[in-house]
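# Commentary on secondary and tertiary structure
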Amino acid sequence: MMPTKLTRLRAALLGCGLALTSCLITAASHPTMPQKCAFELPQMLGAWKLVQQGSPDESELKILQATDHWQRVYQCQETNRIVVVTLIAGAAGPLVSHQPEVCYARNEFSSHSDARIWTVPERRDMFRMQTLEPRQITQPALTVVYAWHDGDRWRAPRFPRLQLAGNATLQRLQITMRHPGGGAGDAEATMQQMVQLILNATDGPVPQVASQPTPPTVSL
C-alpha cells in the first residue's frame, strides 16, 4: 500500500506544481491593465445626478493595495434614492482576496444568504449581488453589487482567487445602496439599472465630464 500512497502524493504534488506554473505563465502573458482607473463617470447617469465626490477609507485602500481609486455618490432625481459607486485599481491578489460582502459582514451587517451572479442583459459582463441585513434592527439594510475587470470584460467568478489568478492587475467596480429592510427586491432592480447605465456610459472612449460646478469633496 505504501508505494501506491507515495505515487498518489507525487501525482498530487506534480499537479499542484503544473497548476502554479500555468498561473505564472498566464499572468506573464496576459495583457496588463493600467494601474490607473480606466474611466470616469459623467455628472448625470440617466435620472441619477452626481451629488458628492469622496474616497474609500484609507485603511481599506491600504489593505487592497490600491494604486488608483475614486468614489462617487449619485442621487436619483425621481425617487431620491442614493447609491455609492467606487472604482479601485491595483494588484489582482488583494482585490480578489477581500470581497466586499465579507468585509461589511464583519462590522454593521450580517449575511443570511450567498451572493448571486447576475449577467447583464445582452452582454457578457457578470456581477455579484448580495443584500446584507443590519445587526441593529433600527438600521437600514445594504445591497452591494460588484465585479472585476480583467481587461476584456466585467467578471464575477464563483472562485475569484483561482479563476482570476492569471491577472497581474484588476479593476473592481462596486456599487452600494442602503435601504429599508425587506426592500431587497427593489434595491436589486435599482442596482441593476445603475450597472447598465454605467456600462452604457463607459463603452468606447472614456466619457468626458461636462463642465459644471464641482460637487463638494467629502469623506464617505
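Residues numbered from 1 in each chain as written. Predicted model: local features only at pLDDT ≥ 70, side-chain atom pairs only at ≥ 80, totals over all residues. Heavy atoms only, no water.

### A few points about the overall build of the protein chain
As a reminder, the rule being used: Think of it this way: any DSSP run of H or I at least four residues long counts as a helix, any run of E at least two long counts as a strand, and we number them from the N terminus. We call a residue buried when its accessible area falls under 20% of the maximum for its residue type, exposed when it is over 50%, and partly exposed in between, using a 1.4 Å probe and counting protein chains only. Only heavy atoms enter the contact rule, under which two residues are in contact if any of them lie within 4.5 Å. Calculation of accessible area relied on Shrake-Rupley with a 1.4 Å probe; when residues are assessed, cover is drawn exclusively from the protein chains displayed.
Counting secondary structure elements, the protein chain contains 6 helices and 10 strands. Counting only residues that meet the buried cut, the protein chain has 40% of its 220 residues in that class. Long-range contacts, defined as pairs at least 24 residues apart, comprise 68% of the intrachain contacts of the protein chain with a sequence gap of at least 6. Here the protein chain has roughly 12,300 Å² of accessible surface; of this, 55% comes from carbon and sulfur atoms.

### Remarks on the packing of aromatic side chains
So the rule is basically this: Geometry of aromatic contacts follows a simple scheme: Phe, Tyr and Trp rings, the Trp one being its six-membered ring, pair when their centres are within 6.5 Å, and the pair is stacked under 30 degrees between planes, edge-to-face over 60, tilted otherwise.
The final tally for this structure, using the stated rule, is 4 aromatic pairs. Each ring, one from Phe 127 and one from Trp 154, has its centre 6.1 Å from the other, and the planes form 35°; the classification is tilted. Here the residue Phe 127 occupies a position in strand S7 (residues 126–134), and Trp 154 occupies one in strand S9 (residues 154–155), the gap between them amounting to 27 residues. As far as burial versus exposure is concerned, Phe 127 and Trp 154 are alike and both buried. Between Tyr 146 and Trp 148 the ring centres are 5.4 Å apart and the planes differ by 90°, which places this aromatic pair in the edge-to-face class. For the pair Tyr 146 and Trp 148, a shared accessibility class is recorded, and that class is buried. In this structure an aromatic cluster arises from ring pairing among Phe 39, Trp 70, Phe 127 and Trp 154.

### What to know about the confidence of the model for the protein chain
What counts, and what does not: Across the chain, each position has a pLDDT score giving the predictor's confidence in that residue, from 0 to 100.
Summing up the model confidence of the protein chain, the mean pLDDT is 79 and the portion of residues at 70 or higher is 73%. Looking over the protein chain, one finds the lowest element-wise mean pLDDT in helix H1 (residues 2–29), namely 43, and the highest in strand S1 (residues 44–45), namely 97. Contacts of residues 4–9 to residues separated by more than four positions or lying in other chains number 0 contacts, the stretch itself having pLDDT below 50. Across residues 11–31 the pLDDT falls below 50, and counting only partners more than four positions away or on other chains, this stretch makes 8 contacts in the model.

### Some remarks on the pairing of strand S8 (residues 141–149)
Each regular strand carries side chains that alternate between the two faces of the sheet. Selection rule: For two strands to be treated as a pair, DSSP must find no fewer than two bridges joining them.
Of all 9 residues in S8, 9 are buried; the element is thus mostly enclosed. Burial along S8 is two-sided: Ala 141, Thr 143, Val 145, Ala 147 and His 149 facing one way and Leu 142, Val 144, Tyr 146 and Trp 148 facing the other are all buried. As defined by bridge partners, S7 adjoins S8 across 5 bridges and the pair is classed as antiparallel. Each residue of the ladder has a partner; that of Thr 131, found in S8, is Thr 143. Between S7 and S8, which pair antiparallel one after the other, the connecting turn spans 6 residues. Pairing of S8 with strand S10 (residues 169–179), which is carried by 9 bridges, proceeds in the antiparallel orientation. Bridging from a neighbouring strand, His 149 pairs with Gln 171 of S10. Of the strand pairs in this sheet, S8 and S9 are connected by 2 bridges, and their pairing is antiparallel.

### Considerations on the side chain of Thr 143
Stated formally: Pairing of N or O atoms within 3.5 Å defines a polar contact, subject to two protein rules: one partner must be a possible hydrogen donor and the other a possible acceptor, and residues neighboring in sequence count only if both atoms are side-chain atoms.
Structurally, Thr 143 is set in strand S8. At 2.7 Å, the side chain of Thr 143 forms a polar contact with the side chain of Thr 131. Polar contacts involving the side chain of Thr 143 include one to the side chain of His 179, which spans 2.8 Å.

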